[in-house]
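# Structure at a glance
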Amino acid sequence: METIITGIRQVIDSINDTPLKNIGDKILAGERITPEEGLLLFEKAPLPYTGALANWVREQKHGNKTYFNRNFHIEPTNVCVFACKFCAYSRLYAHREEGWELSTEQMLDIVKSYDGKPVTEVHIVGGVHPKMNLYFFIDLIEKIKAHRPNLHVKGFTAVELDYMFRKAKVSIEEGMKLLNTAGLDSMPGGGAEIFHPEIRSQICDDKVNADGWLYIHKTAHNLGMHTNATMLYGHIEKYWHRIDHMDRLRQLQDETHGFNTFIPLKFRNKDNDMSYVKESTVIEDMKLYAVARLYMDNFPHLKAYWPMLGRQNAQLTLSFGVNDLDGTIDDTTKIYSMAGSEEQNPALSTTQLVSLIKQVNREPVERDTLYNIVKNYQDADVAEMEVNPLYN
Ligand code: V47
Ligand code: SF4
């Protein structure tokens, strides 16, 4: 421990800029940084400096542990009433014959295809289809739970929920309670994009706004459910929009403590209405992860979603504040492959994920959705895992 403190002290003392040095001193003292200081880190701090601070915070919180879970995704449909400019995945309702719509039976068949496999979570998220309403999903969740009661159901972005509740004419409180009673355990963090109206109005004008998104998460937290939060970055937003976004989340977290994980999502520019926007560089990506780790001091976890970043860059984030690599996923998640991510077929076996984490000298730990430890793979022999069907 002492050597780590000495190391980070030396890093802070070596910076030749008083405001940046003050930020380092605050971080070391466990104090919160202000929005102005967050902005300064984006604008002026050398990446090795921000990265070293973020890595220090990560190691204080989690040591070397790097979490992942064993999950699978169900995407009920890609037909969507909204028209987010960055989305390469959805098909407007008017063109629904170009998209897909899964029936309840088809989705249950996906769940059943994992019978006997040690997955702990199903992640359900898709487009906003006018016919897949609140009661359709209540029925689906009840059937999933009847089939496999211990499978954690993480489902529906605040965007999907806002539409479902309005259409069913129920309050957010009532709707969340109905879903929770049916077996919805937690919510993913999608749909947050960039909260500030200056950007939101340009990239996803017609879906729930910042206050609506935050209120749905707050309602879930008040019911005792945990949720995640995302930020779609690296397009037309400025640094200060990112700080504004993270600040709104930090404030809600102070109130409810219901968020588990912050997940920055790198904008990919293939086949969408924002293809003219250049994607961010790896240096900018690492800077963002590091500032996020420093700014979001009340978020326990920072996740890099590897299907979007690519495997090598995901490994790199583990030195810039990240302590979670999402899951094995095991499926045909299309939202990123359709927008141009490196991972056209995002599936990694547990063995592959464990060795990815070990390669960069971190400790692979399988968790469940709520970060209870399922298994620590630090001493696991990857060669033995390779021949064990449970891990492949
Ligand atoms: O809200 C859409 C993003 C999100 C693009 O909570 C894009 O554990 C990049 O939220 N480039 C949905 N991103 C996915 C999501 C998620 C994923 C993994 C884990 C969790 C979790 C949540 O996908 C959308 C949007 O921000 N997205 N198009 C694109 N072109
Ligand atoms: Fe629909 Fe979500 Fe795509 Fe927006 S990002 S168009 S809400 S599927």
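Cut-off values and rules
- Residues numbered from 1 in each chain as written.
- Chains lettered and ligands numbered in written order.
- Predicted model: local features only at pLDDT ≥ 70, side-chain atom pairs only at ≥ 80, totals over all residues.
- Heavy atoms only, no water.
- Near = heavy atom within 4 Å.
- Nonpolar A, V, L, I, M, F, W, Y, C, P; charged D, E, K, R; others polar.
- 1 Å grid on protein atoms, 1.4 Å probe; cavity = no way out; pocket = protein on both sides within 12 Å on 5 of 7 lines; lining within 4 Å.
- Points joined across faces, edges and corners; volume = space filled by probe spheres on them.
- Helix = DSSP H or I, 4+ residues; strand = E, 2+ residues; numbered from the N terminus.
- Polar contact = N/O pair within 3.5 Å; in protein donor to acceptor, adjacent residues only side chain to side chain.
- Areas by Shrake-Rupley, 256 points an atom, 1.4 Å probe, with all protein chains shown as cover.
- Axes fitted to C-alpha atoms, helices over the stretch in contact; angles between N-to-C directions.
- Parallel < 35°, antiparallel > 145°, perpendicular 65-115°, else oblique.
- Contact = heavy atoms within 4.5 Å.
- Phe/Tyr/Trp six-rings, centres within 6.5 Å; stacked < 30°, edge-to-face > 60°.
- Lys NZ or Arg CZ within 6 Å of the ring centre and 35° of its normal.
- Salt bridge = Lys/Arg side-chain N within 4 Å of Asp/Glu carboxyl O.
- Buried < 20%, exposed > 50% of the residue type's maximum accessible area, 1.4 Å probe, protein only.
- Core = buried A, V, L, I, M, F, W, Y, C linked by side-chain atoms within 4.5 Å.
- Domains from an automatic or database assignment.
- Pairing = 2+ DSSP bridges.
- Buried area = accessible area lost by both parts, 1.4 Å probe.

## A few points about the site of ligand 2
The environment of ligand 2 is formed by C80, F82, C84, F86, C87, Y89, S90, G127 and K207. The residue inventory of the shell around ligand 2, partitioned by class, reads six nonpolar, two polar and one charged.

## Considerations on empty space enclosed by the protein
Applying the stated rule across the entire model yields four cavities of 30 Å³ or more. Roughly 70 Å³ of internal volume is contained in the second largest cavity. Lining the second largest cavity are 13 residues, with K154, N228, N260, T261 and T369 sitting closest to its centre. Elements with a minimum of two residues in the lining of the second largest cavity: β7 (186-187), β8 (226-233) and β9 (259-266). The element that contributes the greatest number of residues to the lining of the second largest cavity is β8, accounting for three residues. The class makeup of the residues in the lining of the second largest cavity is two nonpolar, seven polar and four charged.

## Here we look at the site of ligand 1
Lining the immediate surroundings of ligand 1 are 23 residues, of which F86, K154, G189, G191 and E193 lie closest. Residue G191 places a main-chain N or O atom 2.8 Å away from an oxygen atom belonging to ligand 1. A distance of 2.9 Å separates an oxygen atom of ligand 1 from a polar side-chain atom of K303. Contact with the protein chains hides 96% of the accessible area of ligand 1, taken as 620 Å² for the molecule alone.

## A few points about the packing of helix α7 (residues 158-168) against helix α10 (residues 210-222)
Between α7 and α10, whose axes approach to 9 Å, the crossing angle comes to 90 degrees. Classed by the angle they form, the pair α7 and α10 counts as roughly perpendicular. Every residue of α10 that contacts α7 at A158, L161 and D162 is listed here: W213, I216 and H217.

## Looking at the packing of aromatic side chains
Counted under the stated rule, the structure contains 13 aromatic pairs. Ring centres 5.6 Å apart and planes at 85 degrees place the aromatic pair Y67 and Y371 in the edge-to-face group. Of this pair, Y67 sits in strand β1 (residues 65-69) while Y371 sits in the loop between β12 (363-367) and β13 (373-376), and the two are 304 residues apart along the sequence. Judged by centre distance (6.3 Å) and plane angle (15 degrees), the ring pair of W213 and F259 falls under stacked. Separated by 46 residues along the polypeptide, W213 in helix α10 and F259 in strand β9 bring together distant segments of the chain. Pairwise contacts between aromatic rings join F195, W213, F259, F262 and F299 into one cluster. The lysine or arginine in question, R250, covers the ring of Y295, its NZ or CZ lying 3.8 Å from the ring centre.

## A word on the pattern of salt bridges
A full pass over the atoms with the stated rule returns 26 salt bridges. With a shortest N-O distance of 3.0 Å, R166 and D162 are connected by a salt bridge. One end of the pair is R166 and the other is D162, both in helix α7 and four residues apart, which spans about a single turn. When its relative accessible area of 13% is taken as the criterion, D162 is described as buried. Notably, a salt bridge pairs D324 with R367, separated by 2.8 Å at the nearest N-O pair.

## Description of the nonpolar core
Membership of the largest hydrophobic core comes to 112 residues, with the highest contact counts inside it found for L161, W213, M246, L249, F262 and L325. A per-element tally of this core places helix α12 (residues 282-295) first, with eight residues. A domain-level breakdown of this core finds at least three residues from each of domain 1 (2-62) and domain 2 (65-391).

## Examining the sheet that holds β13
Pairing is mixed across the open sheet formed by four strands, whose spatial order is β11-β1-β12-β13. The two strands at the open ends of the sheet, each matched to only one other strand, are β11 (324-327) and β13. Strand-to-strand twist in this sheet, taken as the mean axis angle between neighbours without regard to direction, amounts to 25 degrees. In this structure, β12 lies alongside β13, joined through three bridges in antiparallel fashion. When the bridges of β13 are listed, E366 appears paired with K375. Helix-sheet contacts for helix α16 (residues 350-359) involve β1, β11 and β12, and the interaxial angle to β1 is about 160 degrees.

## Quick word on the domain arrangement of the protein chain
Domain parsing of the protein chain yields domain 1 (2-62) and domain 2 (65-391). Computed over C-alpha atoms only, the centres of domain 1 and domain 2 are separated by 29 Å. Listed as interface residues are 21 residues of domain 1 and, on the opposing side, 32 residues of domain 2. Of the roughly 2,200 Å² buried where domain 1 meets domain 2, counting both sides, 64% is carbon and sulfur surface. In this assembly, domain 1 and domain 2 are joined by three salt bridges. One salt bridge connects D297 with R32, and the closest N-O pair in it is separated by 2.9 Å.

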